[in-house]
Amino acid sequence: MLEFVKDLWLFMRHRKKFWLAPIIIVMMLLGALIVFTQGSVIAPFIYTIF
């Protein structure tokens, strides 16, 4: 996983695609939010947002 992140960073730095970083970060945070709230009481409120 660390190698993938390193390759992704090198790609963004070499191709000057720094605008991809916020998109990737937001997608990772949303994915983590869904995974961590899947069995909790908060889950119904999270799914109503989406």
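Everything numeric in this text was worked out from a predicted model, so none of it was measured.

A. Expanded view of the overall build of the chain. Looking only at helices and strands, one finds 3 helices and 0 strands in the chain. When the elements of the chain are put in sequence order from the N terminus, they spell out α-α-α. Taking 2.2 N^0.38 as the reference for a compact globule, 50 residues should give roughly 10 Å; the C-alpha atoms of the chain span a radius of gyration of 15 Å, well beyond that estimate. A principal-axis box enclosing the C-alpha atoms of the chain has dimensions of 45 × 20 × 10 Å. When the 50 residues of the chain are sorted by exposure, 8% land in the buried category. Surface summary for the chain: the accessible area is close to 4,600 Å², and the carbon and sulfur share equals 77%.

Cut-off values and rules
Residues numbered from 1 in each chain as written. Predicted model: local features only at pLDDT ≥ 70, side-chain atom pairs only at ≥ 80, totals over all residues. Heavy atoms only, no water. Helix = DSSP H or I, 4+ residues; strand = E, 2+ residues; numbered from the N terminus. Rg over C-alpha atoms; globule rule 2.2 N^0.38 Å. Buried < 20%, exposed > 50% of the residue type's maximum accessible area, 1.4 Å probe, protein only. Areas by Shrake-Rupley, 256 points an atom, 1.4 Å probe, with all protein chains shown as cover.

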